[in-house]
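Take a look at the letters that make up each chain.
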Amino acid sequence: MAAVLLSFLVAPIVMIVIVSFWGATEYSIYPAFQFDNYEFLFGSSVTYRVFLNTFKYALITWAFTLVIGFTVAYYLAFEIRSLKWQIALFLLCTIPFWTSNIIRMISWIPFLGRNGLANSTLISWGVIDEPLEWLLFSDFSVILAFVHLYTLFMVVPIFNTMMRIDRALIEAARDQGASAWQSLTHVIIPLCKPGIMIGTIFVTTLVMGDFITVRFMSGSQRANVGRLISNDINLLQYPSASATAVVLLITVLIVIGLLLRLVDIRKEL
Amino acid sequence: MEKRSRSFYLLSAFFGLFVLFLYGPILTIGILSFQGPEGGLTFPMRGASLYWFYDLFEEQAVGDIWGSFRRSLALGLMVMVTTVVVSVLGGLAFRKKFAGSSLLFYLCIASLVIPSILISLGVGLIFNQIGLPVHWASSGFGSQLTWTLPFGLLIMFAVFNRFDKSYEEAARDQGATAWQTFAHVVLPIIAPSLIGVALFGFTLSYDEFARTLLTAGSYNTLPLEIFGMTTNVTTPVIFALGTLTTVFSFCIIGVFFLAVWLFSRRKDHSSDAGQGMV
């Protein structure tokens, strides 16, 4: 266990940090200790734009997955009364998680394309006259795919904490005259915080580290940090890819550090 | 049946939409994969046929679908076995505090949340610099473990947190050795959750993309192959492939659920496999 993590988690990261100081020619990389890569990275306005874009994706996706995930988890935990149905519906939500992400991305294309289902339906209803161009290969489709892929990471932890809320607490709230809305905001949401936090950590880190969804759903027209890295890799510019990776890693760790301040994961399992 | 409030129906509708949102696109490509031979990547359907499925079995202009499928399958099984064994051992070890246990725990969490492209890049670089060839069964295998192991371990934590220690004590009082206690008491109790861990290990590996990208070497796994196809194949053959692998995934999930169900039926007490998944 420790060995695997050491050789395939710690070592690679150390390696990335080392290589991020190396130099590169067009064909090869050579060991060195220089800050060129970082200088270039921080000197370029593209970097800031791309990082900003990454945060934007993470934030919007987070907001959507939180609302959808919370609602779904609430429905499963409180509105469904029998355990058998709860498990069945829960599994119904989890099954797509076990199928291929790539396929799930591809499957949006016939849906959103210029002659896709969404456009032709809207046209036949008379809502629009011309196909909407922004449905596919845009920020919209990227975020749609993120929400589609990652909402589950929100549903599962929130559902988990909800199932452990003592039902007597909610009854108590009702007995004291709280409306359904009040018991939701004053009892359920505070008690779900750990689940919400874990879901948040998952969603933000997955979105921030992603490159394939962005590349695919934007038709290579949008960028986030992951794509910056993968572009460098394609050009064999490993040192500059590593430098970007280090910055990304630090950013992600800061975000997680902030979130972890708010919850102790280990206690919540 | 008691009367339900209006919010129940509203939320049911919402849930229905959510499920549609989850499954709708997959169904679309499922339908589109039966396009007639002249059909394109979107609707309308031009006839219905199995043409593209046949086409899948023919020689392809690009790539080696069946080879990559076999590799993905083999890799998935390797990752599955390793994940199950290591996470059980890890779960057992973590029941007691040991030196470095919390460090190791945070490493696991870190491993889950670190962007997967970093693992891919780092492992690729190491193999590159040492001079080892990257291969799906060595570097690819290792980088996938950084994703499946923490999942498995977290599930085992959840299981052992709910585990009643008095069963073990009872076994020990009756004179069972440590191994007998494990094999005859602990293992049967956690078995349904182990099936869950196995399912995670296999499917996560089978579908893994980013971590394998730079570590698979010259032989692609299936997700890499599919991704390659998306950039240069413009016929519904890709939908046919997508449908087939999705059906395959569903079959695997079905097999695992069947196993859980059989296990929990054999025993009297109810299974906690559902909770174990979390």
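Residues numbered from 1 in each chain as written. Chains lettered and ligands numbered in written order. Predicted model: local features only at pLDDT ≥ 70, side-chain atom pairs only at ≥ 80, totals over all residues. Heavy atoms only, no water.

Draft legend 1. Spotlight on the overall build of chain B. Summing up its helical and strand segments, chain B has 12 helices and zero strands in all. Taken from N to C terminus, the helices and strands of chain B fall in the order α-α-α-α-α-α-α-α-α-α-α-α. Within chain B, the proportion of its 278 residues that are buried is 54%. For chain B, the proportion of contacts with a sequence separation of at least 24, taken over those separated by at least 6, is 72%. Here chain B has roughly 12800 Å² of accessible surface; of this, 65% comes from carbon and sulfur atoms. (Helix = DSSP H or I, 4+ residues; strand = E, 2+ residues; numbered from the N terminus. Buried < 20%, exposed > 50% of the residue type's maximum accessible area, 1.4 Å probe, protein only. Contact = heavy atoms within 4.5 Å. Areas by Shrake-Rupley, 256 points an atom, 1.4 Å probe, with all protein chains shown as cover.)

Draft legend 2. Geometry of the side chain of Thr205(A). Turning to its location among the elements, Thr205(A) is positioned in helix α10 (residues 180–209). In terms of polar contacts, Thr205(A) uses its side chain to reach the backbone carbonyl oxygen of Ile201(A), at 2.7 Å. Beyond its immediate sequence surroundings of up to four residues, Thr205(A) is in contact with Val252(A), Ile256(A) and Val113(B). (Polar contact = N/O pair within 3.5 Å; in protein donor to acceptor, adjacent residues only side chain to side chain.)

Draft legend 3. Summary view of the layout of surface pockets. For the second largest pocket, the calculated volume is near 470 Å³. Around the second largest pocket, the lining comprises 19 residues; the ones closest to its centre are Trp108(A), Leu144(A), Leu17(B), Leu20(B) and Phe21(B). Only α3 (45–79) and α8 (139–163) of chain A together with α1 (6–32) of chain B provide two or more residues apiece to the lining of the second largest pocket. Here the lining of the second largest pocket gets nine residues from one element, more than from any other, and that element is α1(B). (1 Å grid on protein atoms, 1.4 Å probe; cavity = no way out; pocket = protein on both sides within 12 Å on 5 of 7 lines; lining within 4 Å. Points joined across faces, edges and corners; volume = space filled by probe spheres on them.)

Draft legend 4. Region of the structure containing the side chain of Thr151(A). Of note, Thr151(A) is situated in helix α8. Discounting chain neighbours no more than four positions away, the residues touching Thr151(A) are Thr65(A), Ile68(A), Gly69(A), Phe146(A) and Phe18(B).

Draft legend 5. Representation of the environment of Pro110(A) in the model. Relative to the elements of secondary structure, Pro110(A) occurs in helix α6 (residues 109–112). Sequence separation between Pro110(A) and Leu136(A) is 26 residues; the distance between their C-alpha atoms is 9.7 Å.

Draft legend 6. Main features of α1(B). Given a rise of 1.5 Å per residue, 27 residues ought to cover 39 Å, and the 38 Å separating the end C-alpha atoms of α1(B) matches this to within 8%. Along α1(B), the largest kink reaches about 40 degrees and is centred on Tyr23(B); proline Pro25(B) follows within four residues of it. (Expected span 1.5 Å × (residues − 1). Bend = angle between axes of the 7 residues up to and from the residue.)

Draft legend 7. Focus on the nonpolar core. Counting residues in each nonpolar core, the largest one holds 145 residues, and the members touching the most others are Met162(A), Ile188(A), Met217(A) and Ile190(B). Setting aside chain neighbours within four positions, we find Met162(A) in contact with Phe70(A), Ala73(A), Tyr74(A), Ala77(A), Phe78(A), Arg167(A), Ile188(A) and Cys192(A). (Core = buried A, V, L, I, M, F, W, Y, C linked by side-chain atoms within 4.5 Å.)

Draft legend 8. Molecular detail of the packing of α3(A) against α8(A). All names here are of chain A. Axis separation between α3 and α8 bottoms out at 6 Å; the angle between their running directions is 40 degrees. What the angle tells us is that α3 and α8 run oblique. The hand of the α3/α8 crossing is right-handed. Classifying every residue of the contact of α3 with α8 gives 24 nonpolar, four polar and two charged. (Axes fitted to C-alpha atoms, helices over the stretch in contact; angles between N-to-C directions. Parallel < 35°, antiparallel > 145°, perpendicular 65-115°, else oblique. Left-handed = near helix turned anticlockwise from the far one by under 90°. Nonpolar A, V, L, I, M, F, W, Y, C, P; charged D, E, K, R; others polar.)

Draft legend 9. Examining a nonpolar patch on the surface more closely. Residue and element names in this part refer to chain A. A cluster of nonpolar side chains, namely Leu59, Ile60 and Phe64, defines an oily patch on the protein surface of about 290 Å² accessible area. Here Ile60 shows up in helix α3. Given the relative accessible area of 31%, Ile60 is considered partly exposed. (Patch = residues over 30% accessible without salt bridge, like charges linked within 9 Å, V, L, I, M, F, W, Y side chains within 5 Å. Salt bridge = Lys/Arg side-chain N within 4 Å of Asp/Glu carboxyl O.)

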